[in-house]
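# Observations on the three-dimensional arrangement
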Amino acid sequence: MQTRAPSSSDKCLLDVQGLRTWFHTRAGVVKAVDGVTLQVKQGEILGLVGESGSGKTITGFSLMNLVDKPGRIRADRLFFDGRDLQALSAKEYRALRGNEIAMIFQDPMMTLNPTLRVDTQMIETVQAHQRVSRSAARARSIDMLVKVGIPAPEERMSVYPHHLSGGMRQRIAIAMALLNSPKLIIADEPTTALDVTIQGQILYEVQKLCRETGTALIWITHDLAIVSGLADRLAVMYAGRIVEMAPTADIIRGARHAYTHGLMASIPTFDTRGKSLFQIPGSTPSPLNMPEGCPFRTRCYRATSQCVKEPVFEETAPAHGVSCWHPGIET
Amino acid sequence: MTQMDIALASPALPAKRESMLRLFAQQFITSKLAVLGLILLVLFLCLAIFAPWIAPQNPFDIGKLNIMDSKLPPGSVSSSSAMTYWLGSDGQARDVFSAILYGLRISLIVGFVSVSAAFVIGTMVGLISAYFGGRIGALLMRIVDIQLSFPAILVALVLLSVLGKGVDKVIIALVAVQWAYFARAARGAAIVERNKEYVQAARCMSLSWQRILWRHIFPNCIPPLMVIATIDLAHAIALEATLSFLGVGVPVTEPSLGMLISNGFEFMMSGAYWIAFFPGIALALVVVAINLVGDHLRDILNPRNEI
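Reading guide: rules and limits
Residues numbered from 1 in each chain as written. Chains lettered and ligands numbered in written order. Predicted model: local features only at pLDDT ≥ 70, side-chain atom pairs only at ≥ 80, totals over all residues. Helix = DSSP H or I, 4+ residues; strand = E, 2+ residues; numbered from the N terminus. Rg over C-alpha atoms; globule rule 2.2 N^0.38 Å. Buried ≥ 20, exposed ≤ 12 C-beta atoms within 10 Å, placed from the backbone. Contact = placed C-beta atoms within 7 Å. Axes fitted to C-alpha atoms, helices over the stretch in contact; angles between N-to-C directions. Parallel < 35°, antiparallel > 145°, perpendicular 65-115°, else oblique. Left-handed = near helix turned anticlockwise from the far one by under 90°. Nonpolar A, V, L, I, M, F, W, Y, C, P; charged D, E, K, R; others polar. Domains from an automatic or database assignment. Expected span 1.5 Å × (residues − 1). Arc of directions from axis to C-beta.

Once that is clear, we can look at the overall build of chain B. In terms of regular secondary structure, chain B is built from 12 helices and two strands. Traced from its N-terminal end to its C-terminal end, chain B shows the element sequence α-α-α-α-β-β-α-α-α-α-α-α-α-α. Rg of the C-alpha trace for chain B: 25 Å, well past the compact-globule value of 19 Å for 307 residues, more than 25% over. When the backbone C-alpha atoms are referred to their principal axes, chain B occupies close to 90 × 50 × 30 Å. Classification of the 307 residues of chain B by burial places 43% in the buried group. Restricting to contacts in chain B with at least 6 residues of sequence separation, those with at least 24 account for 68%.

In this section: the overall build of chain A. Within chain A one finds 11 helices and 13 strands. Here the C-alpha radius of gyration of chain A, 20 Å, is about what a compact globule of 331 residues would show, namely 20 Å. A principal-axis box enclosing the C-alpha atoms of chain A has dimensions of 65 × 50 × 45 Å. A total of 331 residues make up chain A; the buried ones form 46% of that total. In chain A, the proportion of contacts linking residues at least 24 apart, taken out of those at least 6 apart, comes to 66%.

As a further point, take the packing of helix α7 (residues 166-178) of chain A against helix α8 (residues 196-213) of chain A. All names here are of chain A. Where α7 meets α8, the axes come as close as 11 Å, and the angle between the chain directions of the two elements is 15°. As the angle between them shows, α7 and α8 are arranged roughly parallel. Judged by the sense of rotation from one axis to the other, the crossing of α7 with α8 is right-handed. Touching Gly167, Gln170, Arg171, Ile174 and Leu178 of α7 are Ile198, Gln201, Ile202, Val206 and Leu209, all from α8. Its residues assigned to classes, the contact of α7 with α8 shows six nonpolar, three polar and one charged.

How big an interface is tends to be expressed through the accessible area that disappears when the partners come together. Residue and element names in this part refer to chain A. Domain assignment breaks chain A into domain 1 (8-231) and domain 2 (232-271 + 278-331). For domain 1 and domain 2, the distance between their C-alpha centres works out to 26 Å. At the junction of the two partners, domain 1 supplies 28 residues and domain 2 supplies 22 residues. Among the elements that take part in the side of domain 1 that touches domain 2, strand β2 (residues 28-41) stands out by supplying 10 residues, more than any other. Grouping the constituent residues of the side of domain 1 that touches domain 2 by class yields 14 nonpolar, nine polar and five charged.

To continue, consider unusual backbone geometry. A negative phi holds for most residues other than glycine; trans holds for most peptide bonds. Even without a glycine there, the phi angle at A:Ala152 is positive, about 50°. By the secondary structure assignment, A:Ala152 is in the loop between α5 (134-147) and α6 (153-157).

Here we take up the interface of chain B and chain A. Every contact between the two is made by 25 residues of chain B and, on the other side, 31 residues of chain A. The biggest single contributor to the side of chain B that touches chain A is helix α9 (residues 197-204) of chain B, with six residues. Residues that form the side of chain B that touches chain A fall into these classes: 14 nonpolar, five polar and six charged.

A separate point is α5(A). All names here are of chain A. In a regular helix each residue adds 1.5 Å, so 14 residues correspond to 20 Å; α5 covers 20 Å between its end C-alpha atoms and thus fits that length. Among all positions in α5, only Ala137, Ser141, Met144 and Leu145 are buried. For α5, the arc enclosing every buried residue in end-on projection is 100°, short of the 170-degree limit, so these residues lie on one face. Exposed side chains of α5 directed beyond 90 degrees from the buried face belong to Ser135 and Asp143. Contact partners of the buried residues in α5: α4 (118-127), α6 and α7. A positive phi of about 80° marks glycine 149, the residue just after α5.

Below, the structure written as C-alpha cells:
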C-alpha cells in the first residue's frame with residue numbers, strides 16, 4: 001500500500017490498518033468491521049462505497065470512537081495526523097471529535113435537534129471547542145452559512161429546524177461540521193435523503209469547500225455513480241472489509257474485484273437502455289454466519305476452491321489494491 | 001455561482017413563523033370538555049390564590065367566630081346579620097364557603113409542589129438511567145419497579161406514620177410515591193431520543209454529556225411528562241384528601257379539602273350534610289377538571305396522533 005511520504009502535500013492524514021469493530025452480542029460475535037485498511041491523505045476525497053450492512057457507517061463511527069457497547073474497536077494501527085488514536089484518553093478524544101474530525105449524517109431531518117433553534121445549535125458547536133464569546137461564535141456561524149450557500153443567513157439562524165427544507169437543513173449540518181475547520185470530515189450518505197437536484201448542489205458545494213479549505217473527506221455512500229464524480233480515490237467495502245481500493249478513474253475503467261464489477265454493472269447507462277440491469281446474485285451473508293475465506297465467494301462467478309482461503313489485499317497495479325484470488329478486468 | 005442562484009430563487013422558508021405555542025393552543029381548543037376543564041381549573045386557582053380577599057370570613061380567626069352560628073344550614077344569615085352562610089356553617093361556626101376557599105389553597109399547594117418535586121427527581125433519575133444505561137441504569141430502574149409494586153396509599157401511610165403530621169410531610173410522602181412514574185416515563189422517552197441522529201450528531205460535536213442530556217434530550221421528552229404531570233396532579237390532590245380524611249395528613253390547623261370532609265363526616269348522620277358535602281363537591285370538581293385537561297393533553301401530545 002501507500003507508504004507515508006515525507007512531503008507535506010502528500011502527507012498521510014489518516015492511517016488505518018486492520019480496523020476491527022466487533023459486537024459481542026448474546027447471539028454471537030458480529031464482525032461489523034473486520035480488518036479495514038485505508039489511508040487518507042491531506043485534502044483528499046475518499047469515496048467509501050458498499051451496500052447496506054457492509055459496515056461503512058460503523059467504520060465512520062469507529063474512527064470517531066463512538067461505538068457503544070457491546071461493540072469493541074481494535075486496530076493494528078490507527079493514526080490520525082501523526083497521533084495514535086488508540087492511545088488517546090476519553091478527554092483527548094473529545095477534544096478531537098467535532099474539532100479535527102467532524103461528521104455529517106444521512107438524514108437532515110434528524111441531525112438537527114427539533115427543539116433548539118439553529119443559532120443555539122451552531123453556537124454551542126463552536127463553544128464546545130473554543131473559548132470564544134457568543135457574538136464571535138455567532139459571527140463565525142453566519143460566515144459558514146454563507147459559505148454553504150444559504151441565502152439570508154441571519155434570518156435562518158433564528159428559526160427552528162422544522163421551518164427549513166431538507167436541503168437547507170443538510171446545508172446547515174454541513175456548515176456545523178465545517179465550523180471548527182476540521183482536518184477530516186466523515187460524511188455518512190449525506191445526500192441519500194435528498195432529491196436529485198439538491199443532491200447535485202450539495203455535492204458541488206461540499207467538494208468546493210473541501211478543495212478550498214484543504215479538508216480531507218471520507219464520503220460514505222452506496223451510490224457508486226454519485227461518488228465517482230466526486231472522489232479522488234474509491235474504496236469498495238463488502239462484509240466489513242475493503243475489497244478494492246484505487247484512484248477513481250482506475251476503478252471506473254478497470255475494476256478488478258468481481259464485486260466491484262457487479263456494482264458497476266448495476267448502474268444504468270445508455271448502453272443498458274431497455275435491457276434488464278445486472279444484479280449480483282444472492283444477498284449479503286449474515287454477519288453472524290460469514291462464509292469461510294473470501295466473504296464474497298458464495299455470490300462470485302469466479303470463485304474456485306482456492307477462495308475458501310482468506311484472500312490477501314495486494315496491489316495488482318500501482319496504487320490499485322484488491323483483495324481477491326482471481327482479480328481481473330474483464331467481466 | 002449558479003448553485004447559489006438556484007438556492008436564492010427557491011427560498012424554502014415559510015412567510016410567517018408559526019409559533020409552537022399557538023399551534024398547541026389551536027389543537028387544545030378542539031375539545032370543548034377540555035376547555036371547560038381548563039376554565040374550571042383556572043377559576044379554582046384564582047379562588048385559591050385570592051381566598052383572603054374573596055372569603056367572607058377568615059375561618060382561622062377564632063375571635064371572629066360566633067359559636068351561636070354553628071351548624072347553620074346553607075343560606076342562613078349570621079346572628080349578627082353581618083353575613084350570609086351561603087353554604088352553611090360547621091360545628092365551630094366557620095363559614096363552609098370560606099373554609100373551602102382556604103382548603104382549596106392547601107390542597108392545590110400540596111398538589112403542585114409535590115408533583116413539581118416528583119417531576120424534577122423522577123425526570124433526572126429516568127434521563128440519567130436512559131443515557132448511561134448499564135448497571136447504574138438497571139439499578140435505578142429496579143428501585144423504580146419496587147416502588148411501583150407497592151400501592152401508593154400504603155407507601156404514603158407508612159411514611160406518614162413515621163414522619164408525623166404536617167403539610168411538608170404530606171408533600172414528602174406524595175413525592176416519594178410519585179417520582180417513580182416520572183422516572184419510568186422519562187426513561188422510556190429518553191431511550192427513544194438517545195438513539196436519534198441528532199444525539200449522535202451532538203456526540204460527534206463533543207458536547208458534554210450534561211449538555212446533551214439537558215439541552216438536547218430533555219426538551220424532546222417533555223410532552224409525555226407533561227401528560228403524566230397533569231394526571232398525577234389530580235392523583236396527588238385526591239391522595240392528600242384521602243390521607244387527611246384518614247387523619248394522617250395535614251393538621252387540623254391547616255385544613256385541606258380532605259380535612260374538611262373528615263371534619264364534617266361526623267355531622268353527616270345528624271343531618272348537617274353541608275359541612276362535608278360542599279367540600280366534597282369542590283374536591284370532585286377540581287379532580288375532574290384536572291383530569292379533563294390531562295386527558296386531552298394526552299390526546300394531542302401523543303406522537304401517534306400527529307399528522
